[in-house]
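Remarks on the overall topology
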Amino acid sequence: MNALARQRNNVTSQSSYKLMPLYSVLTNAPIEDFPKSVSQFRKLPNQTVLQILQELDDPFHQPNYDTASRRGRLAMLIGIRSSDGPVLHPLANAAGAGDASDDGDDGDSGDDDDDDDDDDDGGA
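Here the structure is a predicted model, which means the values were calculated and not measured.

1. So, the overall build of the protein
- Counting its regular elements, the protein contains 5 helices and 2 strands.
- From first element to last, N terminus to C terminus, the protein shows the α and β order α-α-α-α-β-β-α.
- Within the span of the protein, comprising 124 residues, buried residues form 29% of the whole.
- Partitioning the intrachain contacts of the protein with sequence separation of at least 6 by distance along the chain shows that 38% fall at a separation of at least 24.
- For the protein, the accessible area works out to roughly 7,900 Å², and carbon and sulfur atoms hold 47% of it.

2. Things to note about the packing of aromatic side chains
- The final tally for this structure, using the stated rule, is 1 aromatic pair.
- With 3.9 Å between their ring centres and 20 degrees between their planes, Phe-60 and Tyr-65 make a pair best called stacked.
- Among the residues examined, Tyr-65 registers a relative accessible area of 22% and is labelled partly exposed.

3. Some thoughts on helix 4 (residues 67-78)
- When the terminal C-alpha atoms of helix 4 are compared, their 16 Å separation across 12 residues agrees well with the 16 Å that a helix rising 1.5 Å per residue should span.
- For helix 4, a buried count of 9 out of 12 residues is recorded, marking the element as mostly surrounded by other parts of the structure.
- Of all the positions in helix 4, only Ser-69, Arg-70, Arg-71, Gly-72, Arg-73, Leu-74, Ala-75, Leu-77 and Ile-78 are classed as buried.
- Where helix 4 starts, the residue carrying a side-chain oxygen 3.3 Å from the main-chain nitrogen of Ala-68 turns out to be Asp-66.
- Just downstream of helix 4, Gly-79 is the residue with a positive phi angle, here 105 degrees.

Calculation rules
- Residues numbered from 1 in each chain as written.
- Predicted model: local features only at pLDDT ≥ 70, side-chain atom pairs only at ≥ 80, totals over all residues.
- Heavy atoms only, no water.
- Helix = DSSP H or I, 4+ residues; strand = E, 2+ residues; numbered from the N terminus.
- Buried < 20%, exposed > 50% of the residue type's maximum accessible area, 1.4 Å probe, protein only.
- Contact = heavy atoms within 4.5 Å.
- Areas by Shrake-Rupley, 256 points an atom, 1.4 Å probe, with all protein chains shown as cover.
- Phe/Tyr/Trp six-rings, centres within 6.5 Å; stacked < 30°, edge-to-face > 60°.
- Expected span 1.5 Å × (residues − 1).
- Polar contact = N/O pair within 3.5 Å; in protein donor to acceptor, adjacent residues only side chain to side chain.

Here it is, written out as structure tokens:
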């Protein structure tokens, strides 16, 4: 049911667009205080964002996530799109970029130094 709502909600990011509510995985009922429009979503109090994430049993309801991350995660779960495309999880881009740059830096600098040392030792 939530996949269908997410797909339908993914159509637009217009403030007046009516959102199809998600269902609680805990009660299998529509989530209380679910925003009726994108405009209402943007005005949701932080406590309501946290409550909805709890109803979805999403890990972002835990205290180690900040408010912006929770709000971005909820937008993604609802299916709200920005004008540039779907709202992405805020930590997904940071984690991906960090992994790629860490791997490249470690591999390149370590291999170059080791190759030069091996050549010098082998020739002596």
